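# Structure at a glance
The primary structure of each chain is shown beneath.
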Amino acid sequence: GDSRANLPAREIALDGVSPRASMIAREETEVMKEALNRLSEDHRKVITLRNLEQLSFTEVAIKLDRSENATRKLWSRAVVRLQEELSGLDGDASR
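Overview of the structure. (Residues numbered from 1 in each chain as written. Predicted model: local features only at pLDDT ≥ 70, side-chain atom pairs only at ≥ 80, totals over all residues. Heavy atoms only, no water.)

### Things to note about the pattern of salt bridges
All told, the structure shown has six salt bridges when counted by the stated rule. Residues Arg38 and Glu85 are paired through a salt bridge, measuring 2.5 Å at the closest nitrogen-oxygen approach. Here Arg38, found in the loop between helix 1 (9–37) and helix 2 (41–52), pairs with Glu85, found in helix 4 (residues 68–86); they are 47 residues apart in sequence, far enough to count as distant. Connected through shared salt-bridge partners, Arg38, Arg81, Glu84 and Glu85 make up one network. (Salt bridge = Lys/Arg side-chain N within 4 Å of Asp/Glu carboxyl O. Helix = DSSP H or I, 4+ residues; strand = E, 2+ residues; numbered from the N terminus.)

### Observations concerning the side chain of His43
Relative to the helices and strands, His43 resides in helix 2. His43 sits in the buried class, given a relative accessible area of 13%. Leave out the neighbours within four places in its chain, and His43 touches Leu74, Arg77, Ala78 and Arg81. (Buried < 20%, exposed > 50% of the residue type's maximum accessible area, 1.4 Å probe, protein only. Contact = heavy atoms within 4.5 Å.)

### A short note on helix 2
Of the residues making up helix 2, those classed as buried are His43, Val46, Ile47 and Leu49. Trailing helix 2 by a residue or two, Gln54 shows a phi angle of about 55°, which is positive.

### A few points about helix 3 (residues 57–64)
Turning to helix 3, its buried residues number three or more, namely Phe57, Val60, Ala61 and Leu64. Projection of helix 3 onto a plane perpendicular to its axis shows the buried side chains occupying an angular sector of 100°, all on one side. Residues of helix 3 that are exposed and point over 90 degrees away from its buried face: Ile62 and Lys63. The inward-facing, buried residues of helix 3 abut helix 2 and helix 4. At the C-terminal side of helix 3, Asp65 shows a positive phi close to 55°. (Arc of directions from axis to C-beta.)

It is worth stressing that arrangement in space is one thing and function is another; only the former is reported here.
If you want it as structure tokens, here you go:
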């Protein structure tokens, strides 16, 4: 018989989805890493601190030695650049 016969239906469903979901998550992580690596160092730092490390704008500003307002503007520009990279656009042809 099926060794999964005694498992709850939810676990069987998760078991069937997990490898694919895990593969997709790994691919998305790799795409994100590649896109981040194409950003300027300042843009990469502000996104890493704000989004990945989940620091407040105040904390990010301190770490980057910038005003909070300048940090917010930098983050905003960095997010736009990251979106451009993820969608395959190059918004700055001079680079």
